[in-house]
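Structural characterization, general
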Amino acid sequence: DDNDEAYDFASELRQACARPNIRYELNVFVLTHPDKDHLGGSDKLFHLESPSKYQGSQKSPLILLREIWVSPYAIDIAYPTDTSKALIDEIKRRNRLKGTPEGELDGNRIKVLSTDGTELRGSVGSKLEWRLLAPSDQEADIPVPEDADRPSCNDSSLVIQWTISEGSAQTRLIIAGDAGVGVWERIWRDWRQYPDQLGWQVLLASHHCSRSSMARKNEDSEEYEYSSEALAALGQVIGDGFVVSSSKAVKRDDDNPPSWDAKQRYLDILRNANPNNVDRRFLNPETHNNGKPAPVVFELTEFGLRRKVPEKVAKSAAAVTLGATRPSTYG
């Protein structure tokens, strides 16, 4: 819809994945969990069948996924839907090929990751390292209940800390899908003796800036009670840091997500690290272009992470740099 201000990222994704001979290939696609807002439209973007059938085309530029990463829940999903079917079928196809020579080919590879498994960290190329923080096998085990209520699969989300190197600078990001408060409490218990291992310079706010990732609702009082353990796990910011809320605009209302109250907690985390320019370090794609939608883009340099200002507001807004080898500067 030309009148819809929502940002259509498909063309930029295809451009980033462009290869010679009209091919489009993505090295790794990480499905945190199979909720529709995390996999919707995948059949329109990605080639979801055997790579032998892949034909790149300018008219139908589907992207070949060289490798897919999932949690165990995606292999044995309790609630497949019309939205998830194509991608889940592809995940199951690849899983059947694991351990075979064919399963090692681009377009057939898959990782099924759990903290109870043996693959807890690794690298993608020479500049990108990863560390798995969640889920455990128990968190990824979402049973089918006897009644009609569907339990959430949020806690089956892959939680991964990424470390990107550029020259002598290292930048850490944490992307956690919709992991809830119990997952973050468990992460803190596992890592509390090594809190630096939970560090981040960019945090994608869990569950779209929901209170449910850091608090529980008291059934008697209907009030949310915040967890010190979850806040500690989420709060290991390095330097100044940025929090990105992948959600609609965060407003002072009763929505959850995104939660205005949760945003205040993230602002507190940023403020404790550096009290300057806190509001400019909480970013929301829905309002990123002077109140209108635009992607939140970071550039990696030898001096660290730099937030790229949207072109339409570049004249009125200064870029913010998160330095790994020198202090952050603000224009």
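As shown above, the structure is provided for reference.
First, a word on what this report is: a plain description of the structure on this page. Residue numbers restart at each chain and count upward from 1, following the sequence in its written direction. Given that the model is predicted, a residue must reach a pLDDT of at least 70 before its local features are reported, and side-chain atom pairs must reach 80 or more before they are shown or counted; all residues, however, enter totals for whole chains, interfaces and linings. Side-chain descriptors were evaluated using all non-hydrogen atoms of the structure, hydrogens and water having been removed beforehand.

**Here we look at the overall build of the chain**
Numbering of helices and strands runs from the N terminus, with a helix taken as a DSSP run of H or I at least four residues long and a strand as a DSSP run of E at least two residues long. Looking only at helices and strands, one finds nine helices and 20 strands in the chain. We take the radius of gyration over the C-alpha atoms and set the globule estimate at 2.2 Å times the residue count to the 0.38 power. The C-alpha atoms of the chain give a radius of gyration of 20 Å, which matches the 20 Å a tight globule of 331 residues would have. Its C-alpha atoms give the chain principal-axis dimensions of about 55 × 50 × 45 Å. Think of it in three bands: with a 1.4 Å probe and only protein chains considered, a residue is buried below 20% of the maximum accessible area for its type, exposed above 50%, and partly exposed in between. Put simply, the chain has 331 residues, and 45% of those count as buried. A contact between two residues is defined here by any heavy atoms of the two lying within 4.5 Å. Within the chain, contacts between residues at least 6 apart in sequence are counted, and of these 62% link residues at least 24 apart. Counting 42 positive and 51 negative side-chain charges, the chain places the centres of these two groups 7 Å from one another. Only four residue types enter the charge count: Lys and Arg as positive, Asp and Glu as negative, with His and the chain ends excluded. Taken as the charge centre is NZ of Lys, CZ of Arg, CG of Asp or CD of Glu, depending on the residue.

**Some remarks on the sheet that holds strand 2 (residues 23-26)**
When DSSP finds two or more bridges between two strands, those strands count as paired. The strand order 1-2-5-4 describes an open sheet built from four strands, whose pairing is mixed. Each edge of the open sheet is held by one strand with a lone partner, namely strand 1 (18-19) and strand 4 (46-47). Note: strand 1 against strand 2, two bridges, orientation antiparallel. Following the sheet pairing, Ala 18 is matched in strand 2 by Tyr 24.

**A few points about the pairing of strand 8 (residues 121-124)**
Two strands pair when backbone bridges link them, and strand 8 and strand 9 (residues 128-134) are joined in this way by four bridges, in the antiparallel orientation. Following the sheet pairing, Gly 122 is matched in strand 9 by Trp 130. Linkage of strand 8 to strand 9, two consecutive antiparallel strands, is achieved through a turn of three residues, within which Gly 125 is found at a positive phi near 75°.

**Observations regarding the sheet that holds strand 7 (residues 109-112)**
As summarised here, the arrangement of the three strands in space is 3-6-7, forming an open sheet in which the pairing is parallel. Whereas interior strands pair on both sides, the edge strands pair on one side only; in this sheet they are strand 3 (29-30) and strand 7. Here strand 6 (residues 67-70) pairs with strand 7 via four bridges, running parallel. Across the sheet, the residue bridging to Glu 67 is Arg 109, located in strand 7. As a rule, the C-alpha atoms of each element are fitted with a line to give its axis, helices using only the stretch in contact, and angles between N-to-C directions run from 0 to 180 degrees. Lying over the sheet, helix 5 (residues 85-97) contacts strand 3, strand 6 and strand 7, oriented at roughly 100° with respect to strand 6.

**Regarding the packing of aromatic side chains**
Stacked, tilted and edge-to-face are the three classes assigned to paired rings of Phe, Tyr and Trp, where Trp is represented by its six-membered ring and a pair needs centres within 6.5 Å; plane angles under 30 degrees give stacked, over 60 edge-to-face, the rest tilted. Using the criterion set out here, one finds four aromatic pairs in the structure. Taken together, the ring pairs connect Trp 69, Trp 130 and Trp 162 into an aromatic cluster. For a Lys NZ or an Arg CZ to count as sitting over a ring, it must be within 6 Å of the ring centre and within 35 degrees of the ring normal. Over the ring of Tyr 226 we find Arg 265; its NZ or CZ atom is 3.7 Å from the centre of that ring.

**Notes on the environment of Leu 64**
Mapping Leu 64 onto the fold places it in strand 5 (residues 63-65). Of the residues examined, Leu 64 reaches a relative accessible area of 2% and is grouped as buried. Placed 18 residues apart in sequence, Leu 64 and Phe 46 show a C-alpha to C-alpha distance of 6.0 Å.

**Comments concerning a negative patch on the surface**
A contiguous patch of negative charge on the surface is contributed by Asp 76, Asp 116, Asp 137 and Asp 141. Along the chain, the position of Asp 116 falls in the loop between strand 7 and strand 8. Residues qualify for a patch when their relative accessible area is over 30% and they have no salt bridge, like charges being joined within 9 Å and the nonpolar side chains of Val, Leu, Ile, Met, Phe, Trp and Tyr within 5 Å. Areas reported as accessible are Shrake-Rupley estimates using a 1.4 Å probe. Residue values count occlusion only from the protein chains shown. Here, a salt bridge means any Lys or Arg side-chain nitrogen found within 4 Å of an Asp or Glu carboxyl oxygen.

**A closer look at the nonpolar core**
Looking at soluble globular proteins, one finds that nonpolar side chains tend to be buried together. To form a nonpolar core, buried Ala, Val, Leu, Ile, Met, Phe, Trp, Tyr and Cys residues must be joined to one another through side-chain atoms within 4.5 Å. Residues Val 159, Trp 184, Ile 187, Trp 200, Tyr 266 and Phe 282 are the most contacted members of the largest nonpolar core, which totals 32 residues. When residues of this core are traced back to their parent elements, those giving at least two are strand 9, helix 7 (181-191), strand 12 (200-204), helix 8 (228-234), strand 15 (237-244) and helix 9 (260-273). Beyond its immediate sequence surroundings of up to four residues, Trp 184 is in contact with Val 159, Ile 174, Ala 176, Ala 179, Ser 206, Ser 213, Glu 229, Ala 230, Ala 233 and Leu 234.

**Regarding the pairing of strand 10 (residues 159-166)**
For strand 10, a buried count of six out of eight residues is recorded, marking the element as mostly surrounded by other parts of the structure. In this sheet, strand 10 lies alongside strand 9 in antiparallel orientation, the contact comprising six bridges. Looking across to strand 10, one finds that Glu 129 is bridged to Thr 163. Sheet topology places strand 10 next to strand 11 (residues 169-175); seven bridges connect them, and they run antiparallel. Bridge pairing in strand 11 links Ser 165 to Gln 170. Between strand 10 and strand 11, which follow one another and run antiparallel, lie two residues, and Gly 167 among them has a positive phi close to 65°.

**Concerning the pattern of salt bridges**
With the rule as written, the count across this model stands at 21 salt bridges. Across the pair Arg 23 and Glu 25 runs a salt bridge whose closest N-O atoms are separated by 2.7 Å. By relative accessible area, Arg 23 is classed as partly exposed at 27%. By relative accessible area, which is 8% here, Glu 25 ends up buried.

**Some words on unusual backbone geometry**
The phi torsion of most residues other than glycine is negative, and most of the peptide bonds are trans. With an omega of 10°, the peptide bond running from Ala 134 to Pro 135 counts as cis. For the peptide bond that leads from Pro 257 to Pro 258, omega is -10°, which places it in the cis range. You will see that Asn 277, though not glycine, has its phi angle at about 55°, which is positive. By the element assignment, Asn 277 lies in the loop between helix 9 and strand 16 (282-283). Take Asn 277: its relative accessible area is 29%, and that puts it in the partly exposed class.

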